[in-house]
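Survey of secondary and tertiary structure
Chain residues, written in single-letter form:
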Amino acid sequence: MSSFPQNPGQIPRPTPNLGPAPDAREDEERAKIEKDMAKKANHDRQAQLHRDTDNLLKLATELKQYVDKSNENTLSLDVVKKAEAIEKLAHSVKEKMKAN
């Protein structure tokens, strides 16, 4: 018996290149989805920072107006509450910026 093919005129044809293996395509797709999700999360965090800093400016302006209306003998409870709200919001903004 011969180890040669039965039909010596037949040449094996290469298989067509179908691109990356299915696992590699899945990994690429997963990486793309994760990148898109991270990009969206970053965009959302940036938008929230923008809203928070706008609100911080508004609160600080209101606090200044309250303080300007008061005198050395009166300290409104609103002034204290406004200062506490500013402190909490400023801390939140700081933490979000650290995550950036």
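Scroll up a little and you will see the structure.
This structure is a prediction, so every number in the text was calculated from the model and none was measured.

Things to note about the nonpolar core
The biggest cluster of nonpolar side chains holds 6 residues, and these are Leu56, Leu59, Leu63, Val79, Ile86 and Leu89. Elements with a minimum of two residues in this core: helix 1 (22-69) and helix 2 (77-99). Those residues within four positions of Ile86 in sequence are excluded, and the remaining contacts are Leu56, Leu59, Ala60 and Leu63.

Comments concerning the side chain of Lys82
Structurally, Lys82 can be placed in helix 2. A relative accessible area of 15% means that Lys82 is categorised as buried. At 2.5 Å, the side chain of Lys82 forms a polar contact with the side chain of Glu62. The residues touching Lys82, leaving out its near neighbours within four places in the chain, are Leu59, Glu62, Leu63 and Tyr66.

A closer look at helix 2
Over its 23 residues, helix 2 runs 34 Å from end to end, which matches the ideal 33 Å to within 8%, given 1.5 Å per residue. If you check which residues of helix 2 are buried, you get Val79, Lys82, Ile86, Leu89 and Val93.

Describing the pattern of salt bridges
Applying the stated criterion across every chain, the model contains 8 salt bridges. Among the salt bridges present, the one from Asp44 reaches Lys40, with a minimum N-O distance of 2.9 Å. Taken as a pair, Asp44 and Lys40 lie in helix 1 at a separation of 4 residues, close to a single helical turn. According to the relative accessible area criterion, Asp44 is partly exposed, its value standing at 36%. You can call Lys40 exposed: its relative accessible area is 52%.

Criteria and thresholds
Residue positions within a chain follow its written sequence, with the count starting from 1. Confidence filtering applies because this is a predicted model: local features only for residues at pLDDT of at least 70, side-chain atom pairs given and counted only at 80 or more, and all residues used for totals across whole chains, interfaces and linings. For the side-chain quantities, the full set of heavy atoms in the structure was used; hydrogens and water were omitted. In this text, buried Ala, Val, Leu, Ile, Met, Phe, Trp, Tyr and Cys residues form a nonpolar core when linked through side-chain atoms within 4.5 Å. The cut-offs for exposure are 20% and 50% of the maximum accessible area for each residue type, with area from a 1.4 Å probe on protein chains only; residues under the lower value are buried, those over the upper are exposed, and the others partly exposed. The numbering of helices and of strands both runs from the N terminus, where a helix is a DSSP run of H or I of at least 4 residues and a strand a run of E of at least 2. The contact rule is simple, with two residues in contact once any of their heavy atoms fall within 4.5 Å. In the analysis that follows, any N or O atom pair within 3.5 Å is treated as a polar contact, provided that within protein one partner can donate a hydrogen and the other can accept it, and provided that, for residues neighboring in sequence, both atoms belong to side chains. Expected span of a helix: the number of residues minus one, times 1.5 Å. When a carboxyl oxygen of Asp or Glu is within 4 Å of a side-chain nitrogen of Lys or Arg, the pair counts as a salt bridge.

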